[in-house]
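# Overview (structure and organization)
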Amino acid sequence: MLLPVGGTGINPAMDDMNLIQPTQRHHHIVVRDLGEEIDLEIGHGDDDPSFANTPLISGPPREPSAEDPDDAKNMVMVSQLTSDEQNLSKTQPVKRKKKVVKRWREEWADTYKWAYVDVKEGTARIFCSVCREFGRKHRRNPYGNEGSRNMQMSALEEHNNSLLHKEALRLQMASKDKIIVDKPVYVKALMSKTAGSIVEAVLKRDPHEVEFIQSVQEAVHALERVIAKNAHYVNIMERVLEPERMIIFRVPWVDDRGETHVNRGFRVHFNQALGPCRGGIRFHPSINLSIVKFLGFEQTLKNALSPYKLGGAAGGSDFDPKGKSDNEIMRFCQSFMNEIYRYLAPDKDLPSEEMGVGTREMGYLFGQYRRLAGHFQGSFTGPRIFWSGSSLRTEATGYGLVFFAQLILADMNKEIKGLRCVVSGSGKIAMHVLEKLIAYGAVPITVSDSKGYLVDEDGFDYMKISFLRDIKAQQRSLRDYSKTYARSKYYDEAKPWNERCDVAFPCASQNEIDQSDAISLVNSGCCLLVEGSNMPCTHEAIDVLRKANVLVAPAMAAGAGGVVAGELELNHECNLMNWSPEDFESKLQEAMKQIYQRALKAAADFGYQKESPETLVHGAVISAFLTIAQAMTDQGCV
């Protein structure tokens, strides 16, 4: 059962959002600045209008975390009035409505886990997170706000005994179509009834797969006009969204101390209507089926958009290669391949590098595949697999992002030379983006890791990039860079999006740019965002960028350089010749130009203006989907 936000007005960047969340989860009231004074005590009757001016953050409530203090510690609130205020209160007549000003503390907010703050009809109100209503019993302590534990507990009991609250619980428990997810899922209230039915079907089938649902919503949103023109595509889309096969398996391995460990492995063949599967393998602790399906779906569209018609796949494991020895990684890769090799072949599925999987891991995987398959037929795509020295696949994705940005800027009558660029991540893609930006005269100023980001106001150069690579190879922190270059600074627990920039290249992971980050980018002067990672922006962030007319180059188009290079590597002619980097880059530039033109043409065919910030995003999805849909129609019910 989809639970709408019941008419509550979300802030402007979330006007078309509805929130689905577990009914039994607790939430916090969110206060912008702890320590600010707000009016907690309201008399009988209508709400006090002054509450509308309190500086509260509207929006969905956050989930409680392990870092939250114990409940026993949370039942504390200190209320202090200055002596001047006390003297002043003695001279003023007593009002009928008792009003007490309280000073908020972080611990006090935990008392109202069951509530969240939102704005309705221009007034900030406290809503029940279960029944989504507001009112006296849902909004305040009816027995006073003296701050004692007993008084606060009585407020919670009053709420729980509320007839309105009980009725909401009863209706939800009686519902047979409840959707309970591990995280809040934002459903765009975007769609026509037909398009909405596609998303609703995915929600009912896979309610826990948050990343996959997010990816589906973005694709369906882009295809609304296509579906409206031809109802036949609804059935095609329903089939496209269900993978052809999903392989989940255990990966046992032994560490250097002789201890046995087990991880979970995945490989999803999403769609092979256009040809054999191509897609990455990711080793990261966060990997689950939802992420693998989202990566496979994005890869399917990316491959269909490329000049080479290929199927899409993705895979990986929740194994973390960080801190592991070469022998431990080798044993894990061999165990992983022992299960997956029977599904791989040049005409079936060839994996490629992804997060946590580089030259070393691909070498171990291919070596075990060769031993098990008994032949050297074909190869995994990746550097040095053919040991011919001709591979530029690792560079291709990062270089392709810069080539794509150049094409967009040229249509905007701009050139990349001299532009300030912020880059997130510090892996293979991010480093090669830095390289090519420097080659074209741009000024890249940031990189980041999981702990924070590094900014160098002088901009990076080739020597600095070499130093960054040494730091990463030695598994040191980016903070060590600032010890050598005094003009740089490392910021803990922060993202680079508030740095002044012209172009942004998010190259870290999915959903790395949220609503507040998007606002920071807009305020920083960003005019173009080129997606290096798959789905780097949340729904809310996309809405902010769209309303600010920031042009977005989607990853399925801008990040297709790796697909192009991988197919060039596997081309027979490429294997026999030692191509120069110039020849390789020339072919890559031509392929990126074709992808760019295809996306623009598809968008124009369905009425999107070239200047619209949604044009490239929608055009890329439309072009890729129509290619897949034609193949599936020709092949019958597949």
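Everything here concerns the structure above.
First, a word on scope: everything that follows refers to the structure included in this document. (Residues numbered from 1 in each chain as written. Predicted model: local features only at pLDDT ≥ 70, side-chain atom pairs only at ≥ 80, totals over all residues. Heavy atoms only, no water.)

### Here we look at the pattern of salt bridges
Evaluated as defined, the whole model comprises 26 salt bridges. With a closest N to O distance of 3.6 Å, Glu259 and Arg257 form a salt bridge. We classify Arg257 as exposed; its relative accessible area is 65%. As a salt-bridge pair, Asp349 and Arg267 come within 2.8 Å of each other at their nearest N and O atoms. (Salt bridge = Lys/Arg side-chain N within 4 Å of Asp/Glu carboxyl O. Buried < 20%, exposed > 50% of the residue type's maximum accessible area, 1.4 Å probe, protein only.)

### Brief notes about the pairing of strand S14 (residues 446–449)
The pairing of S14 with strand S15 (residues 452–456) spans four bridges and is antiparallel. Bridging across to S15, Asp449 finds its partner in Gly452. Two successive antiparallel strands, S14 and S15, enclose a turn made up of two residues. (Pairing = 2+ DSSP bridges. Helix = DSSP H or I, 4+ residues; strand = E, 2+ residues; numbered from the N terminus.)

### Here's the deal with the nonpolar core
Among the nonpolar cores identified, the biggest contains 103 residues, and Phe404 and Phe505 are the most heavily contacted of them. In this structure, Phe404 is in contact with Ala553, Ala557, Ala558, Met592, Ile595, Tyr596 and Leu616, ignoring residues within four places of it in sequence. If you look at the next biggest cluster of nonpolar residues, it comprises 20 residues, including Ile247, Val251, Phe332 and Ile340. (Core = buried A, V, L, I, M, F, W, Y, C linked by side-chain atoms within 4.5 Å. Contact = heavy atoms within 4.5 Å.)

### Regarding helix H16 (residues 462–473)
If you check H16, its first and last C-alpha atoms are 16 Å apart, about what 12 residues at 1.5 Å a residue would give, namely 16 Å. Looking at H16, one finds that the buried residues are Lys464, Ile465, Phe467, Leu468 and Ile471. The arc enclosing the buried residues of H16, seen along the axis, measures out at 160 degrees, which places them on a common side. Exposed and oriented more than 90 degrees from the buried face of H16 are Met463 and Ala473. On its buried side, H16 packs onto helix H15 (428–439), S14, S15 and helix H17 (479–484). Two to three positions downstream of the cap, the backbone nitrogen of Met463 sits 3.2 Å from a side-chain oxygen, assigning the N-cap of H16 to Asp461. Just downstream of H16, Gln475 is the residue with a positive phi angle, here 55 degrees. (Expected span 1.5 Å × (residues − 1). Arc of directions from axis to C-beta. Polar contact = N/O pair within 3.5 Å; in protein donor to acceptor, adjacent residues only side chain to side chain.)

### Notes on the packing of aromatic side chains
What describes a pair of aromatic rings is the distance from one ring centre to the other and the angle between the planes of the rings. Scanning the entire structure with this criterion turns up 20 aromatic pairs. Pairing Phe332 with Phe336 gives two aromatic rings, centres 6.2 Å apart and planes at 35 degrees, and the pair type is tilted. Linking Phe332 with Phe336, this pair stays in helix H12 (residues 326–340), spanning four residues, or about one helical turn. Its relative accessible area of 0% is what places Phe332 among the buried residues. Looking at Phe336, the relative accessible area reads 1%, which means it is buried. Put simply, the rings of Phe249, Trp253, Phe283, Phe319, Phe332 and Phe336 pair up and form one aromatic cluster. Over the aromatic face of Tyr399 sits the side chain of Lys436, whose NZ or CZ is 4.3 Å from the ring centroid. Here the guanidinium or amino end of Lys436 rests over the ring plane of Tyr440, the centre of that ring lying 5.6 Å away. (Phe/Tyr/Trp six-rings, centres within 6.5 Å; stacked < 30°, edge-to-face > 60°. Lys NZ or Arg CZ within 6 Å of the ring centre and 35° of its normal.)

No statement about biological role is implied by the geometric values presented.
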